[in-house]
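Geometric and topological summary
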Amino acid sequence: MTTEVSELTLTPRRVKLTTRTGVEVRRTLPHKELRMIGAWCFVDHFGPTSDPMAMSVAAHPHTGLQTATWLFAGSITHNDSLGSRQVISPSELNLMTAGKGISHSELSVDREQTLSGVQLWIALPDSDRNNSPEFAHYGNLPIVMSDSATIRVFVGEYAGIQSPATVYSPLVGCEVTLVAGHSVTLQLRPEFEHGLLAGIGSFDINSETVAFGQLRCLPQGRNEVTITALEDARIVLLGGEPFDEKILMWWNFIGRTHEEIVQMRNEWESGSVLFGTVHDDLGERIPAPEMPSVRLNAR
Ligand code: MN
C-alpha cells in the first residue's frame, strides 16, 4: 500500500456493514493501492436502493476522525451520544467530529424512497484528535454555478467559495452535478492530491471512463481537470494536502498505537462514559470485533 497518490482509477470492493439489514457498501478507500487522499481516509458509497430500511446501523463508537455524510437521494436519521438527532437529506452535510470519543446510529427514515450517498471519514491530526466531540449539520451550503455544472462545496474552499464546515487540515469536498454529454473544467489546488468518485452515473477523464462507483485519483501538481459526463452524473471531488502523520485505523477507531486501540475497544465494550449513550428507536449497540492476534501498527 502506498501513501503517494498517483493517477489511477480505484475499483471499490463490496463490504457488508454490521447492520440489521445486510446492506452492502462499495468501499474505495482505504484501498490496497492507496490509503488516503489528504486526510480523507474512508470512502463508502451506497445505493441506490429502494429498501426502506437499507441504512440500519445501530449505535457504535468512533475516535480520532470526522464522519461526513452526503446523500444523493433519500434521508437518514443520525442520533448520537451528545443528544443530537438530525435527519439528513440530499445537498446537506452531517459532520460528526468524534475527537476523543462519540457514539452514534444511522437509520433510514422509514418511508418509501430511494437511498444513495456516501459516508466519508476524515482523519484528525494529532493536535485535534483528542478534542471534545461535536456534531454539526449544514443545510445551506454554497454553490458554484458554471455553464454546465452545479458544484456544491461541502468542505473547504472551491473557486474562492468557502464551506462553513469545520475541518482540521487543508481539504476540499464538493459535489459536481453534470448533465449527460456536458463537460466541466474543475479548478484544483496544485498542493492538494485529489479524487473524483462517480457517485451517480459515470464520466470520462482524458478519454478514460470512470464507471459508477470508481474513484479516479490525481496526484499533486495539477491546476485543473476536465471531465465529461457519460450519463447524468453526480461526482464527488475530494482533495487535500498529503496527510503526513502515520495513523492506525481499526474498526471505527483511528489512533496511533496498538495500546490506544485496545483501550478504546475496552472503553466501548465496558460501556464507559467516554462514548456515552445513544437514544434511538433501535436501542441496540454494535459490539466491537475481537482484537487481531497480531500487534497493530500505525502506517
Ligand atoms: Mn459511524
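All values derive from a computational prediction rather than experimental measurement. (Residues numbered from 1 in each chain as written. Predicted model: local features only at pLDDT ≥ 70, side-chain atom pairs only at ≥ 80, totals over all residues. Heavy atoms only, no water.)

1. Quick word on the sheet that holds strand β4 (residues 40–49)
Definition in use: At least two DSSP bridges between two strands are needed for those strands to be called paired. Secondary structure is summarised from DSSP: a helix means a run of H or I of at least four residues, a strand means a run of E of at least two, and numbering begins at the N terminus for each. Between N-to-C directions, angles span 0 to 180 degrees; the directions come from axes that are lines fitted to C-alpha atoms, helices contributing only their stretch in contact.
If you walk across this open sheet you meet the seven strands as β2-β3-β4-β11-β6-β9-β12, and the pairing is antiparallel. Each edge of the open sheet is held by one strand with a lone partner, namely β2 (13–16) and β12 (134–138). For this sheet, the mean inter-axis angle between neighbouring strands, taken without regard to orientation, is 20°. For strand β6 (residues 65–73) and strand β11 (residues 115–123), the ladder comprises eight bridges, and the chain directions are antiparallel. Paired with L71 across the strands is G117, a residue of β11.

2. Some remarks on the pattern of salt bridges
So the rule is basically this: Salt bridge, as used here, is a side-chain nitrogen of Lys or Arg placed within 4 Å of a carboxyl oxygen of Asp or Glu.
Enumeration over the complete set of coordinates arrives at 14 salt bridges. Put simply, R216 and E208 hold a salt bridge, and the shortest N to O gap is 3.3 Å. We note a salt bridge from R256 to E245, for which the minimum N-O separation is 2.8 Å. One end of the pair, R256, is in the loop between β25 (253–255) and α1 (258–269); the other, E245, is in the loop between β23 (233–240) and β24 (248–250), and 11 residues separate them in sequence. Among the ionic contacts, a cluster of salt bridges with common partners joins E7, E208, R216 and R222.

3. With respect to the coordination of the manganese ion
Worth spelling out the cut-off: Metal donors: N, O and S atoms at distances within 2.8 Å, or within 3.2 Å for Na, K and Ca, with water omitted from the atom set so that some sites may seem incomplete. When accessible area is computed with a 1.4 Å probe and restricted to protein chains, residues below 20% of their type maximum are described as buried, those above 50% as exposed, and intermediate ones as partly exposed.
Around the manganese ion, the protein contributes the donor atoms H60 (NE2), H62 (NE2) and H104 (NE2), which lie 2.1 to 2.2 Å from the metal centre. Sequence spacing of the donor residues for the manganese ion, all on one chain, is H-x1-H-x41-H. Across the pair, H62 and H60 agree in class, each one buried.

4. Quick look at the environment of P242
Formally: We call two residues in contact when some of their heavy atoms are within 4.5 Å.
For P242, the position within the fold is in the loop between β23 and β24. With 48 residues separating them along the chain, P242 and H194 place their C-alpha atoms 9.7 Å apart. If near-sequence neighbours (up to four positions away) are discounted, P242 is found in contact with G38, E191, E193 and Q220.

5. Overview of unusual backbone geometry
Residue P30 follows L29 across a cis peptide bond; omega there is -10°. Within the secondary structure, P30 is located in the loop between β3 (24–29) and β4. In this model, G47 is joined to P48 through a cis peptide bond whose omega is 0°. Tracing the backbone through its elements, the reader meets P48 in strand β4. Although it is not a glycine, S91 sits at a positive phi angle of roughly 70°. With a phi angle near 50°, A159 is a residue other than glycine that sits in the positive phi range. A159 sits in the partly exposed class, given a relative accessible area of 37%.

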